[in-house]
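# Survey of secondary and tertiary structure
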Amino acid sequence: MTTPTGKRIVLVAAVAENGVIGNGPDIPWRIPGEQAEFKALTLGHTLVMGRTTYESIGRPLPGRTTIVLTRDPAWQADGVLVAHDLDDALEQAESLPGDVMVAGGAQVYAAAMPYADEQVITEVHQDPEGDVLYPTFDPGEWSETRREPGDDYDRVWWQRRQGY
């Protein structure tokens, strides 16, 4: 489901073979080029992320508007917008540039999954330890539309099937 103004909602994640996306606040891998591809994909769009994800980055990412989801009514940070639930974040994104790119963490991905039009998953060819997992999804609801294979990871584009 796109937002009422027609913006796409895209989940963007790097996911290991075992489903891990994080170990505490940290990403359990460093793969040359992967972050540059994230930047190219999200530049000019609105990022929606949870507070823990934002704090692990430590700053707003240039060239993107960032909305941080938090339950803490007093939380704020320079250069970002704050939302207290996903509906609030999506409402704010209506008037912001580009599409809505959901950038984690696990709870935010899970909350946004029913609304997502697309997923861009970097399938990391590793099996690291971690305690943060990407939410499972029914592949029957999604069509793989593009795959860019690589040595350390594959980048895969998923489109929600009509009727879901």
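See the structure above.
Right, let's walk through the structure included here. (Residues numbered from 1 in each chain as written. Predicted model: local features only at pLDDT ≥ 70, side-chain atom pairs only at ≥ 80, totals over all residues. Heavy atoms only, no water.)

## Concerning the nonpolar core
If you look at the biggest cluster of nonpolar residues, it comprises 26 residues, and the most contacted ones within it are Leu-11, Val-48, Val-102 and Tyr-134. Of all elements in the fold, only β1 (9-16), β4 (65-69), α3 (86-93), β6 (100-102), α4 (106-112) and β10 (153-160) reach the threshold of two or more residues within this core. Membership of the second largest hydrophobic core comes to 13 residues, among which are Val-10, Leu-47, Met-49 and Tyr-54. (Core = buried A, V, L, I, M, F, W, Y, C linked by side-chain atoms within 4.5 Å. Buried < 20%, exposed > 50% of the residue type's maximum accessible area, 1.4 Å probe, protein only. Helix = DSSP H or I, 4+ residues; strand = E, 2+ residues; numbered from the N terminus.)

## Some points on the packing of aromatic side chains
In the structure shown here, the tally under the stated rule is five aromatic pairs. Aromatic pair Tyr-54 and Trp-75: ring centres 5.7 Å apart, planes at 85°, arrangement edge-to-face. Of this pair, Tyr-54 sits in helix α2 (residues 51-57) while Trp-75 sits in the loop between β4 and β5 (81-83), and the two are 21 residues apart along the sequence. Tyr-54 gets classed as buried once you look at its relative accessible area, which sits at 5%. Taking the relative accessible area as the measure of exposure, Trp-75 reaches 13% and is therefore buried. Between Phe-137 and Trp-158, the ring centres sit 5.7 Å apart and the planes meet at 75°, which makes this aromatic pair edge-to-face. Of this pair, Phe-137 sits in the loop between β8 (132-133) and β9 (142-148) while Trp-158 sits in strand β10, placing them 21 residues apart in sequence. Overall, the relative accessible area of 14% leaves Trp-158 in the buried class. Joined through ring pairs, the aromatic side chains of Tyr-109, Tyr-134, Phe-137, Trp-142 and Trp-158 make up one cluster. When the ring centre of Trp-157 is taken as origin, the NZ or CZ atom of Arg-146, which lies over that ring, is 3.8 Å away. (Phe/Tyr/Trp six-rings, centres within 6.5 Å; stacked < 30°, edge-to-face > 60°. Lys NZ or Arg CZ within 6 Å of the ring centre and 35° of its normal.)

## Some points on the side chain of Thr-70
In this fold, Thr-70 is placed in the loop between β4 and β5. What makes Thr-70 buried here is its relative accessible area of 6%. A polar side-chain atom of Thr-70 sits 3.1 Å from the main-chain amide nitrogen of Asp-72. Sequence-distant contacts of Thr-70, defined by excluding residues within four places in its chain, comprise Arg-51, Trp-75, Val-82, Ala-83 and His-84. (Polar contact = N/O pair within 3.5 Å; in protein donor to acceptor, adjacent residues only side chain to side chain. Contact = heavy atoms within 4.5 Å.)

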